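Commentary on secondary and tertiary structure
Spelled out, the chains give:
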Amino acid sequence: MENARKAWFIMQKDLRCEKRYLVWTVVYAVYMAVMIGMAVRGQMEAPEYVSPVTDGMFLLLIPMLGFYFSRRSFKYLSEDSYTQMLAYFRALPISDHVIISYRLLQMFIAFSINGIVFFGIMFWTAEPMRSGMSLAGYAAFALTWIGYGLAISGPYMYFELANHGKAYFRSTLILFGGAIAAAVVIKICGGNMLLYSIEAGARWKLLSPLMWGMLAAAAASLTVFTRLTRLKLRSRDLV
C-alpha cells in the first residue's frame, strides 16, 4: 500500500509537468482511431479480401495505447532518459518496488484514457461495426485488444527499465518485427485476427472466451515481467 501511495505521488508530479504532452497524446489517439477505423470499415465491407494490413496495424499500434507522450519518451534515445530517471530515483532513494508500481500505474492510466478515446471514436468511424454489434459485444472486442496490449506491455516495460536507450530501441524493433511477422503468418494461414475478434465479441459478448483468454494472458505477462524487471533493476548498472 505504501509503495502504491509513493508511486501515485510520482505519477501526479508527472501529470502536472507533462500537461502539454498529454494533450498531444489524446490528439494522437484520436488520429489513430480515425485512420484505423477507416481501415476496419474497409475490411468489414469486403471481408472476402483478407488483408494482413489491419491485423498488422492492430498488433503494432494497440500496445502503444499503454504509453503517453512525455519529454522522457522523446529523449530516450538521444539522452538515455529512462536510465537517467532510474539513477535519479535510486539517489533519492526510491525502491525498485515503487519504480515498478509507478510504471504499472503509468500503463493502466494510459490504457484507460487512450483506450476510451481510441475505441470510442473507432466505434463511430467503423460504421459496419456500429450497426452490427451491440455495446456489450463491442466492449468485449475492445477488452480483447486491450488485453493483448497489456500482455505486450510486459516486455516493453522490461526492455524500457532493463536496458540503455539504444538497446531499448533495438528491442522495440524486434517487437515490431514480431508483430509484422505474426500478421503475415495469419494471412498465409487464411485467417484474420481482427474479423475473428469482432465475430467473437458479437457472438459471445462479455462471455467471449477470446476476451477472457487475452485478459488472462495480460495478467500472466505482467506478473512474469514485473518479477523479471524487479530482478534486473537490483543488479542493473546505471552508469
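Bear in mind that the values here come from a model prediction, so they are computed numbers and not experimental data. (Residues numbered from 1 in each chain as written. Predicted model: local features only at pLDDT ≥ 70, side-chain atom pairs only at ≥ 80, totals over all residues. Heavy atoms only, no water.)

1. Observations regarding the UniProt feature "transmembrane region" (unreviewed entry) in the chain
The criterion, for reference: UniProt positions are given in the numbering used here, feature names are shortened, and annotations may be inferred rather than shown by experiment. Under the DSSP-based scheme used, a helix requires at least four consecutive residues in state H or I and a strand at least two consecutive residues in state E, with every element numbered from the N terminus.
Residues given the UniProt feature "transmembrane region" (unreviewed entry) here are residues 21-43, 49-69, 104-126, 138-159, 171-198 and 210-228. Taken end to end, residues 21-43 has its terminal C-alpha atoms 33 Å apart, with 100% of it in helix and 0% in strand.

2. Concerning the side chain of T125
Here is the rule we go by: Three labels apply to residues, based on accessible area from a 1.4 Å probe with only protein chains included: buried if under 20% of the type maximum, exposed if over 50%, partly exposed otherwise in between. Contact criterion: two residues are considered in contact whenever any of their non-hydrogen atoms come within 4.5 Å of each other.
Relative to the assigned elements, T125 resides in helix α6 (residues 96-125). With a relative accessible area of 16%, T125 lands in the buried category. Contacts of T125, omitting those with residues within four sequence positions, involve A33, V34, G37, M38, R41 and R130.

3. Concerning the environment of I113
If you trace the backbone, I113 turns up in helix α6. Between the C-alpha atoms of I113 and L65, which are 48 residues apart in sequence, the distance is 8.5 Å.

4. A look at the environment of A217
Summarising the element assignment, A217 is placed in helix α11 (residues 209-235). Taking relative accessible area as the criterion, A217 reaches 35% and is therefore assigned partly exposed. A sequence separation of 69 residues divides A217 from Y148, and the C-alpha atoms of the two residues are 7.6 Å apart.

5. Details of helix α5 (residues 81-91)
Listed in full, the buried residues belonging to α5 are S81, Y82, T83, M85, L86 and F89. Its buried side turned inward, α5 meets α1 (2-17), α4 (71-74), α6, α8 (135-162), α9 (165-188) and α11.

6. Points about the nonpolar core
This is how it is decided: Working definition of a nonpolar core: buried Ala, Val, Leu, Ile, Met, Phe, Trp, Tyr and Cys residues. They are joined through side-chain atoms within 4.5 Å.
Ranked by size, the top nonpolar core spans 56 residues in total, and within it V40, F58, F118, F119, M122 and F141 carry the most contacts. In this structure M122 touches A33, I36, G37, V40, F58, Y138 and F141, once residues within four positions along its chain are discounted.

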